[in-house]
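Per-entry structural report
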Amino acid sequence: MEKQVLESSEERTFQYQDSLPSLPVPPLDESLSKYLDAVKPFLNQEEYQRTEDIVKKFENGIGKELHQKLLERAKTRRNWLEDWWLNVAYLDLRISTQIHCNMGGPGPYIEHCWPPKEGSQIERACVNIWHTLKYWDLLRTEKVTIERSGNAVLDMNQFRMLFCTCKIPGVTRDSISNHFKTETEGECPSHLVVLCRGRVFAFDAIHEGNMVTPPEIFRQLTYIQKRCHSEPDGPGLAALTSNERTKWAELREYLIDLDPKNLTLLEKIQRSLFVVCLDDSSPHATPEDYTEVTRLGLAGDPTVRWGDKSYSSIFFSNGTCSAFCDHSPLDAMALITMLSYVEKKIIENEGKWKGSDKVRDIPWPEELVFTVDQKIINEIGCTKELYYKKVSDLQLVNYAFTAFGKALIRKKKLHPDTFVQLALQLAYYKCHGRPGCCYETAMTRRFYHGRTETIRSCTVEAMEWCKSMLDPSDSNYQRLQLMHKAFAKHNKMRKECENGKGFDRHLLGLLLVAQEQGLPVPELYVDNAFTASGGGGNFILSTSLTGYGRLTGSVVPMVQHGYGFFYAIRDDRIVATCSSWKSCPETNAEVLCRTVFQCFQDMLQLTVAAQL
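Numbers given to residues run from 1 along each chain, matching the order in which its sequence is written. For a predicted model such as this one, the threshold for reporting local features is a pLDDT of at least 70, and the threshold for listing and counting side-chain atom pairs is 80 or more; totals across whole chains, interfaces and linings nevertheless cover every residue. Think of the side-chain values as coming from all heavy atoms in the structure, minus any hydrogens and water.

In the annotation of an unreviewed UniProt entry, the chain is listed under the name Peroxisomal carnitine O-octanoyltransferase and assigned to Egretta garzetta. Under the Pathway (unreviewed entry) heading, UniProt states for the chain: "Lipid metabolism; fatty acid beta-oxidation." UniProt positions are given in the numbering used here, feature names are shortened, and annotations may be inferred rather than shown by experiment. Listed in UniProt under the heading Sequence similarities (unreviewed entry), the comment for the chain reads: "Belongs to the carnitine/choline acetyltransferase family."

Right, let's talk about the packing of aromatic side chains for a bit. Working definition: rings of Phe, Tyr and Trp (its six-membered ring) pair if their centres are within 6.5 Å, and the pair is stacked with planes under 30 degrees apart, edge-to-face with planes over 60 apart, and tilted otherwise. Per the stated rule, a full pass over the model turns up 22 aromatic pairs. Through a chain of ring-to-ring contacts, the aromatic side chains of Tyr35, Phe58, Phe503, Tyr525 and Phe530 assemble into a single cluster. Two limits define a charge over a ring: the Lys NZ or Arg CZ must be within 6 Å of the ring centre, and within 35 degrees of the ring normal. The ring of Phe14 has Arg160 lying over it, and the distance from NZ or CZ to the ring centre is 5.2 Å. Taking NZ or CZ as reference, Lys390 lies 4.2 Å from the ring centre of Trp581, over its face.

A few words now on helix H2 (residues 28-39). Secondary structure follows DSSP: runs of H or I at least 4 residues long count as helices, runs of E at least 2 residues long count as strands, and numbering of each begins at the N terminus. One fewer than the residue count of a helix, multiplied by 1.5 Å, yields its expected span. The end-to-end C-alpha separation of H2 is 17 Å, in line with the 16 Å expected for 12 residues at 1.5 Å each. Burial classes: relative accessible area under 20% of the type maximum marks a residue as buried, over 50% as exposed, and values in between as partly exposed (1.4 Å probe, protein chains only). Of all the residues in H2, the buried ones are Leu28, Ser31, Leu32, Tyr35, Leu36, Ala38 and Val39. Buried residues of H2 fall within an arc of 160° about the axis and therefore sit on the same side. Next to the buried residues of H2 lie helix H3 (45-60), helix H4 (62-75), strand E16 (452-456), helix H18 (504-516), helix H19 (523-526) and helix H20 (528-532). Think of it as the arc spanned by the lines of direction from the helix axis to the C-beta atoms. In this analysis, two residues are considered to be in contact whenever any of their non-hydrogen atoms come within 4.5 Å of each other.

The next subject is the UniProt feature "active site" (unreviewed entry) in the chain. Cross-referencing UniProt, the feature "active site" (unreviewed entry) maps to His327 in the present numbering. Within the structure, His327 has its side chain in polar contact with the side chain of Tyr90 (distance 3.3 Å). Within 3.5 Å is the distance limit for a polar contact, defined as a pair of N or O atoms, with the added protein rule that one can donate a hydrogen and the other accept it, and that residues adjacent in sequence qualify only through two side-chain atoms.

What follows deals with the domain arrangement of the chain. When the parts of a complex come together, some accessible area is lost, and that lost area is often used as the size of the interface. For every domain, the bounds stem from an assignment made automatically or drawn from a database. Segmentation of the chain into domains returns domain 1 (28-78 + 402-610) and domain 2 (110-144 + 157-392). Taking only C-alpha atoms into account, the centre of domain 1 sits 34 Å from that of domain 2. If you look at the interface, domain 1 gives 21 residues, while domain 2 gives 22 residues. For the pair domain 1 and domain 2, the two sides together bury roughly 1700 Å², of which 53% comes from carbon and sulfur. By the criterion of area lost to domain 2, the three top residues of domain 1 are Arg451, Arg550 and Leu551, representing 36% of everything that side buries. Basic side-chain nitrogens of Lys or Arg form a salt bridge, by our definition, when they fall within 4 Å of a carboxyl oxygen of Asp or Glu. Linking domain 1 with domain 2 are 4 salt bridges, by the criterion used here. At the boundary of domain 1 with domain 2, the tally comes to 8 residue pairs in polar contact (both at pLDDT 80 or more). Under the scheme applied, nonpolar residues are Ala, Val, Leu, Ile, Met, Phe, Trp, Tyr, Cys and Pro; charged residues are Asp, Glu, Lys and Arg; polar residues are all the others, including Gly. Class assignment for the residues of the side of domain 1 that touches domain 2 results in 6 nonpolar, 9 polar and 6 charged. Computed with a 1.4 Å rolling probe, the buried area is the accessible surface lost when two parts are put together, summed over both parts.

The UniProt record marks residues 23-596 with the feature "domain: Choline/carnitine acyltransferase" (unreviewed entry), using the residue numbering of this structure. Helix makes up 43% of residues 23-596 and strand 15%, whereas the separation of the span's terminal C-alpha atoms amounts to 35 Å.

What follows deals with the pattern of salt bridges. Inspection of every chain in the model, using the stated rule, returns 44 salt bridges. Here Arg573 ties to Glu288 by a salt bridge, and the two come within 3.2 Å at their closest N and O atoms. Highlighted residues: Arg573 in the loop between strand E18 (563-569) and strand E19 (574-581) and Glu288 in the loop between strand E10 (275-279) and helix H11 (291-299), separated in sequence by 285 residues. For Glu288, a relative accessible area of 38% puts it in the partly exposed group.

Attention now goes to the sheet that holds strand E1 (residues 103-106). Two strands form a pair only when DSSP identifies at least two bridges running between them. Judged by pairing direction, the sheet is mixed, and its 7 strands sit side by side in the order E1-E12-E11-E10-E6-E7-E13 without closing on themselves. Each edge of the open sheet carries a strand with a single partner, namely E1 and strand E13 (366-367). When strand E11 (residues 312-316) meets strand E12 (residues 321-325), the two strands line up antiparallel, connected through 4 bridges. Bridge assignment links Ile314 to a residue of E12, and that residue is Ser322. Under this scheme, a helix contributes an axis fitted over its contacting stretch, all axes are lines through C-alpha atoms, and angles between N-to-C directions fall in the 0 to 180 degree range. Where helix H7 (residues 121-140) meets the sheet, it contacts strand E6 (191-196), E10, E11 and E12, and its direction lies at approximately 160° from that of E11. Contacts from helix H8 (residues 214-230) reach E6, strand E7 (199-204) and E13 within the one sheet, and its direction differs from that of E7 by about 160°.

With 14 residues, helix H9 (residues 245-258) extends 20 Å between its outermost C-alpha atoms, agreeing within 8% with the 20 Å of an ideal straight helix rising 1.5 Å per residue. For H9, the secondary structure elements touched by its buried residues are helix H6 (97-100), strand E4 (165-168), helix H10 (260-271) and helix H13 (374-391). The opening residue of H9, the one whose side-chain oxygen lies 3.4 Å from the backbone nitrogen of Thr246, is Glu244.

Bringing the sheet that holds strand E14 (residues 394-401) into the picture now. With mixed pairing, 6 strands are arranged side by side in an open sheet as E14-E19-E18-E17-E15-E16. Taken across any chain shown, the strands that pair with only one partner, and hence form the sheet edges, are E14 and E16. The average undirected angle you get between the axes of adjacent strands in this sheet is 20°. As defined by bridge partners, strand E15 (residues 438-443) adjoins strand E17 (residues 541-545) across 3 bridges and the pair is classed as parallel. Bridging across to E17, Tyr439 finds its partner in Ser542. On top of the sheet, H18 reaches E15 and E16; it is set at about 115° to E16, its chief contact.

All right, on to the packing of H7 against H8 then. In the contact formed by H7 and H8, the axes pass within 9 Å of each other and the chain directions differ by 130°. Put simply, H7 runs oblique to H8. The element H7 and its partner H8 pack so that their crossing is right-handed. Only Pro214, Ile217, Phe218, Leu221, Thr222 and Gln225 of H8 make contact with H7, whose side of the interface consists of Gln121, Ile122, Glu123, Ala125, Cys126, Ile129, Trp130 and Leu133. A breakdown of the residues in the contact of H7 with H8 according to their chemical character gives 10 nonpolar, 3 polar and 1 charged. An angle counts as roughly parallel when it lies under 35 degrees, as roughly antiparallel when it exceeds 145, as roughly perpendicular when it falls between 65 and 115, and as oblique in every other case. Working rule for handedness: look at the near helix, and if it is turned counterclockwise from the far one by less than a right angle, call the crossing left-handed; if clockwise, right-handed.

Take the nonpolar core next. Nonpolar side chains in soluble globular proteins tend to end up buried together. Ranked by internal contacts, the top residues of the largest apolar core, which has 88 residues, are Tyr35, Trp465, Leu507, Leu592, Val596 and Phe600. The leading source of residues in this core is helix H21 (residues 589-609), at 10 residues. With residues near it in sequence (within four places) discarded, Trp465 still touches Leu422, Leu426, Arg479, Leu482, Met483, Met603 and Leu606. Counting 62 residues, the second largest nonpolar core, distinct from the first, contains Met161, Phe163, Cys196 and Val212. Residues belong to a common nonpolar core when they are buried Ala, Val, Leu, Ile, Met, Phe, Trp, Tyr or Cys residues joined through side-chain atoms within 4.5 Å.

With 4 bridges joining them, E4 and strand E5 (residues 175-178) adopt antiparallel strand pairing. Looking across to E5, one finds that Ile168 is bridged to Ser175. Connecting E4 to the next strand, E5, in antiparallel fashion are 6 residues.

Right, here's the structure in full:
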């Protein structure tokens, strides 16, 4: 009897979803004054005066009306932003989202259990897949721990999107199909899809009520690999997911018209738990340099990744691996929580399977053979060509800065995340001689279905400090004072954003109200200051902290002349991934990354020198 009482009193993953607070709408005057503060570094006195007039006019005129309408909308919705954000940030995009939006990150296993080793691909894949399936099972039974920030419960909705989720291309707007269900909600699809050498296979992860074990997964993957290595390659249909969206939607319709069976197969992929990608390349990887495995994870062979699945697990032939994810249904943190669980389990078991070697007589994997014609085959060829042309323009580095990490930064009583953000501001300023508008992701998961808000790291305070660092006549004491001011400002902004008091999503909401009402775009949004400071998706630096563990991620830059900069802050090191486009003559990911590392040293030196 005792045990039952205990179990029922344990928290269930999704139990607080209904009691989370609604996403607030901040006061208009507060948002606008924060906006004015944020545009300052990018304007001269005259331009600033002009922008200030535009903002005042907006606040007393059309802005007031739009804000009222936004408040009305918020009364009837627990999250006034949710549908809008999904559409505007993701589903309405027509460019190739696989290239421009997806996120990827290398598996950190090379640092402990699994150094690169040819011939270990399948053996490691089946252990990794098994722990991922165990996580799916924990989620189904609502045993995944509820995340908190201090005492605040965080929204867990994104965890529902990890499995059985896929984006479906539409001619003007995509949609998301999600088939995950908890045990109490009912049946949930339980099959995996495996991509190998242009072919597609599926097998069930549950046999007669029990999950398949690593030896059983090994049998299934070996069967698939043997067939793919001894028979001709398949058509590589998965490559079509890397097309720009309208084109992919049209080709998908064409495929379905060609043979209704194709729709059944597409649905099988969409509903699958996740996709396992067996990639033939062997990327070089060391704990200090993950560059190649990160690049191939984010932008490798398009025929062995289904770009629209919320989670694809890529296994390379030398036993290194990578995660690859569609960004629309979830942000990186849900994924990182899952992958941290998998990593922890792999370490606990020394990278091995310690259970029974018994293999049941389970059905062999089924090949999903699509009906294709010459048109589809030609389209796959063109798509691959375009894809490779685009990704060959990507410059990406993933290096570890090993001189120090979180432990020492904390000892100096500095916030580690702010430390990296300010180093990046200084590095950009050193490399480019001007302020770089910067987007740092803040989580708004304290609120129902909350996702993100923008911390604009390029502040007046940060710029004053950067200038002081480069001014030989300034003393270290002055520089340190300015640095502490810049830290304080950034920490304050982070807190505001996490508490629903940022301004970027609010300004977006006001613009969308105007659009829905068929009103002209308010002057605020066409003012040069709006774009120059990053508004409308024009941030030069697109950045995110992927946490304080071993997992790092990567994205491509938001704009042609920009950078992607993701980083993980560990006790003894800071691991950064920096990307840029080679075709832009003024950006260089390698140079920026090395400069950031130099700035880490300079900042630490400053805290020492100023005390002397």
